[in-house]
Amino acid sequence: MRKALCLCFLFVALACAAVAQDSASSKTEQIVGGLLDFGSAIMKQRAEKKQAQQQPPVDEATAASETQEANTMAKLGKSVGVLVQGMTDPAYLAKQLGAVLKETTELTLRDYLNRYKDEGKEYARELANIITEKIVNHEKVSTVLDSVRMLCWGVVIYLTIISMLIFAMLWRMKSINDRVLRAIEELKNAK
């Protein structure tokens, strides 16, 4: 939206510049005065920026917004400079206007593609959920899943029984081993 407004502002300024070429020098003086005011505002902003750099930064978000504002002001200053030079050299103005249009179009397309990708990802997730639900609710698939569940429970029961048998056999072997050891000790004591 901001880019579209800047583009509209650029067209209005271009039209004003074309009208200003035909008018008296008083309009030129107004433009130059506006540029001087704009330049002094930028210099004032740079001085404030230098003071802020000398002091430790308080908040990164504030610094980022100040940097973005400075970039915006620099771009606006460059645009005004292009318009002023465009009054004397229309080819330069056309070249700069073409570059701005190209950049604006690229940014708009990039933004559109990013939104399109996000919507596509969301659609793919919804579609995957619907397909998964239909597959799970399908009769043949649910029968196979039930069979796999029964097989898993059968394996769990089998392993539990085998583990209990192994534990019982080890317990029996330990008790037999204890009896044999007692018998050996009784024979040693008897000799």
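Keep in mind that what you see is a predicted model, and the values were worked out from it rather than measured.

(A) Region of interest: the overall build of the protein chain. Counting secondary structure elements, the protein chain contains five helices and zero strands. Seen in sequence order, the protein chain has helices and strands lined up from the N terminus as α-α-α-α-α. With 191 residues in all, the protein chain has 9% of them scored as buried. Looking at the protein chain alone, contacts between residues at least 24 apart form 74% of all its contacts between residues at least 6 apart. Of the roughly 16,400 Å² of accessible surface on the protein chain, 64% is carried by carbon and sulfur atoms.

(B) Local environment of the pattern of salt bridges. Scanning the model with the defined rule gives three salt bridges in all. Note that aspartate 111 is salt-bridged to arginine 115, the shortest N-O span being 3.1 Å. One end of the pair, aspartate 111, and the other, arginine 115, are both in helix α4 (residues 90-137), four residues apart, so they sit about a helical turn from each other. Judged by relative accessible area, aspartate 111 falls into the partly exposed class, the value being 41%. Looking at arginine 115, the relative accessible area reads 47%, which means it is partly exposed.

(C) Quick look at the packing of aromatic side chains. Going through the model one piece at a time under the given rule, you end up with two aromatic pairs. Their ring planes at 20° and their centres at 6.4 Å tell us that tyrosine 112 and tyrosine 116 sit as a pair that is stacked. Highlighted residues: tyrosine 112 and tyrosine 116, both in helix α4, separated by four residues, approximately one helical turn. Ring plane angle 35° and centroid distance 6.3 Å describe the contact between phenylalanine 167 and tryptophan 171, whose orientation is recorded as tilted. With a gap of four residues between them, phenylalanine 167 and tryptophan 171 both fall in helix α5 (residues 139-190), about one helical turn apart. Tryptophan 171 carries the same exposure label as phenylalanine 167, and that label is exposed. It is lysine 174 that lies over the ring of tryptophan 171; its NZ or CZ is 6.0 Å from the centre.

(D) Quick look at the confidence of the model for the protein chain. Confidence in the prediction for the protein chain averages 76 pLDDT; 58% of positions are at 70 or higher. The least confident element of the protein chain, judged by mean pLDDT, is helix α1 (residues 2-22) at 56; the most confident is α5 at 94. Across residues 22-26 the pLDDT falls below 50, and counting only partners more than four positions away or on other chains, this stretch makes zero contacts in the model.

(E) Quick peek at a negative patch on the surface. Taken together, the side chains of Asp118, Glu119, Glu122 and Glu126 make up a negatively charged region of the molecular surface. If you trace the backbone, glutamate 119 turns up in helix α4.

Definitions and limits used
- Residues numbered from 1 in each chain as written.
- Predicted model: local features only at pLDDT ≥ 70, side-chain atom pairs only at ≥ 80, totals over all residues.
- Heavy atoms only, no water.
- Helix = DSSP H or I, 4+ residues; strand = E, 2+ residues; numbered from the N terminus.
- Buried < 20%, exposed > 50% of the residue type's maximum accessible area, 1.4 Å probe, protein only.
- Contact = heavy atoms within 4.5 Å.
- Areas by Shrake-Rupley, 256 points an atom, 1.4 Å probe, with all protein chains shown as cover.
- Salt bridge = Lys/Arg side-chain N within 4 Å of Asp/Glu carboxyl O.
- Phe/Tyr/Trp six-rings, centres within 6.5 Å; stacked < 30°, edge-to-face > 60°.
- Lys NZ or Arg CZ within 6 Å of the ring centre and 35° of its normal.
- pLDDT = per-residue confidence, 0-100.
- Patch = residues over 30% accessible without salt bridge, like charges linked within 9 Å, V, L, I, M, F, W, Y side chains within 5 Å.
- Lys, Arg positive; Asp, Glu negative; His and termini not counted.
- Charge placed at Lys NZ, Arg CZ, Asp CG, Glu CD.

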